[in-house]
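A look at the structure
Each chain, letter by letter, is given below.
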Amino acid sequence: MATPAEARVDLAAIRHNVALLKDHAGGAELMAAVKADAYGHGLVPTSEAALRAGVDRLGTAFIREALALREAGVTAPLLSWIITPGEPVDDALRAGIELSASDEPLLDEIAAAARRTGVTARMHLEADTGMSRGGSPLAAWPGLLHRALALRAEGVIEIVGLWTHFACSDVPGHPSIDLQIDAFETALKLADQAGAGGSHVIRHMANSAAIVALPRARYDMVRSGIAMYGLSPIPELGDFGLRQAMTLVARIALAKRVPEGAGVSYGHLHVTERETTLGLVPLGYADGILRHATGRAEVLAGGRRRTVTGRVCMDQFMIDMGDDPLEAGDEVILFGPGEKGEPTAQEWADTLGTITHEIVTRIGARVPRVYKESGT
């Protein structure tokens, strides 16, 4: 490792997780959510690995993410679902990217782009079944369907998907789960009655948690996010056989002896109780290491767990190495799959009161992603 730090991504783990999720999908198509730089794992390499492993489609939050995949030569079906006014919809249509709409104004904007480009827009219509985020409220759903059918009759759009998103599928037994499935069934029935459904239209609802825990929510396609990266969508139920793909490592930049009573880092939140050796780890909050990891999160160095010592800075933090013979250049593992005794991303999330999604997606761009196969 020639850099101060790197995020090692195990592509074999990605493929393992895809195979496991395809088994859970029970024959439904599998879409891999690769938004946010593939959850921090690297958009193009991760997407290519997932496709080689048998993923049927890719999904991104934003058009620019999907365009980046097309520019990299990825030809698989792509869906983007968050579109604000004025985005490059024309480019998306020319690139064969499927788009989502939750209201009539956006549908009309996409239809206008279809007229300009001469490319029929392949549309997924999103219903809000109880999350109150994206999607059309059921009260407005018939109007959205009516407008979509008029645009379909004009030949500027094709309705290829009907979908929604769970709010609490990661909370087993939550009462909203059945309510949302019932609401989606209502939305699908209305679409069928209006003529917007049919066997050619992909119905999709299940996210990672629903893939592993809610077989009745599979429909025609399931969407894997966090699970594909080997992180449990329902931590209290275990890891489901998933393998964590990312290991975050750094090299000690400086090792130095300090006396008893030395204040460490900004604010002197930590004061040494005896003479000791401190190690400087060249990662900080600019790289996605949460500032409140201060005095809480652990790392593995020299075969032992060590707590972040003193306040996390923008580019660095300290660890107390005691009298162990560690020196500059030695490796520190912040988190990984746990095979060497290092903390996992789930441990970091639990310690810091967040979710694994935040732990991996926050790792910044100046930390290079290095791709490997298991055992290499």
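Throughout what follows, the structure given in this document is the object of discussion. (Residues numbered from 1 in each chain as written. Predicted model: local features only at pLDDT ≥ 70, side-chain atom pairs only at ≥ 80, totals over all residues. Heavy atoms only, no water.)

Here strand S11 (residues 246–251) lies mainly inside the structure; five of its six residues are buried. Of the pairings in the sheet, the one linking strand S1 (residues 5–10) to S11 comprises five bridges and is antiparallel in character. Counted as the bridge partner of Ala-5 is Ala-250 from S11. (Buried < 20%, exposed > 50% of the residue type's maximum accessible area, 1.4 Å probe, protein only. Helix = DSSP H or I, 4+ residues; strand = E, 2+ residues; numbered from the N terminus. Pairing = 2+ DSSP bridges.)

A word on the packing of aromatic side chains. Taken as a whole, this structure holds four aromatic pairs when the rule is applied. With 6.1 Å between their ring centres and 65° between their planes, Phe-335 and Trp-348 make a pair best called edge-to-face. Highlighted residues: Phe-335 in strand S19 (residues 331–335) and Trp-348 in helix H10 (residues 345–352), separated in sequence by 13 residues. Of the two residues examined, Phe-335 and Trp-348, each falls in the buried class. Above the plane of the ring of Phe-62 lies Arg-64, whose end atom (NZ or CZ) is 4.7 Å from the centre. (Phe/Tyr/Trp six-rings, centres within 6.5 Å; stacked < 30°, edge-to-face > 60°. Lys NZ or Arg CZ within 6 Å of the ring centre and 35° of its normal.)

Attention shifts here to the side chain of Ser-169. Along the chain, the position of Ser-169 falls in the loop between strand S8 (157–163) and helix H8 (175–194). Assessed through its relative accessible area of 4%, Ser-169 is described here as buried. A polar side-chain atom of Ser-169 sits 2.8 Å from a polar atom in the side chain of Asn-207. Once residues within four sequence positions are removed from consideration, Ser-169 is found in contact with Ile-177, Asn-207, Ala-209, Ala-210, Leu-214 and Ile-234. (Polar contact = N/O pair within 3.5 Å; in protein donor to acceptor, adjacent residues only side chain to side chain. Contact = heavy atoms within 4.5 Å.)

Glancing now at the nonpolar core. One finds Leu-99, Ile-157, Phe-317, Leu-334, Phe-335 and Trp-348 to be the most contacted residues of the largest nonpolar core, which totals 119 residues. Per element, the largest residue contribution to this core is seven residues, and it comes from helix H1 (residues 11–25). With residues up to four places along the chain from it excluded, the contact list for Leu-99 reads Ile-63, Leu-79, Ser-80, Ile-83, Val-89, Ala-92, Leu-93, Ile-110, Arg-122, Met-123 and His-124. Membership of the second largest hydrophobic core comes to six residues, among which are Val-258, Ala-262, Val-264 and Leu-280. (Core = buried A, V, L, I, M, F, W, Y, C linked by side-chain atoms within 4.5 Å.)

Our focus in this paragraph is the pattern of salt bridges. Applying the stated rule across the entire model yields 25 salt bridges. As a salt-bridge pair, Asp-90 and Arg-116 come within 2.6 Å of each other at their nearest N and O atoms. Of the two residues, Asp-90 is situated in helix H5 (residues 89–94) and Arg-116 in helix H6 (residues 104–117); the sequence distance between them amounts to 26 residues. Across the pair Asp-287 and Arg-366 runs a salt bridge, and its minimum N-O distance is 2.5 Å. With a gap of 79 residues between them, Asp-287 in the loop between strand S15 (276–281) and strand S16 (298–301) and Arg-366 in the loop between helix H11 (356–361) and strand S20 (369–372) connect regions that are remote in the sequence. What emerges from the salt-bridge pattern is a single network uniting Glu-29, Arg-57, Glu-98, Arg-122 and Glu-158. (Salt bridge = Lys/Arg side-chain N within 4 Å of Asp/Glu carboxyl O.)

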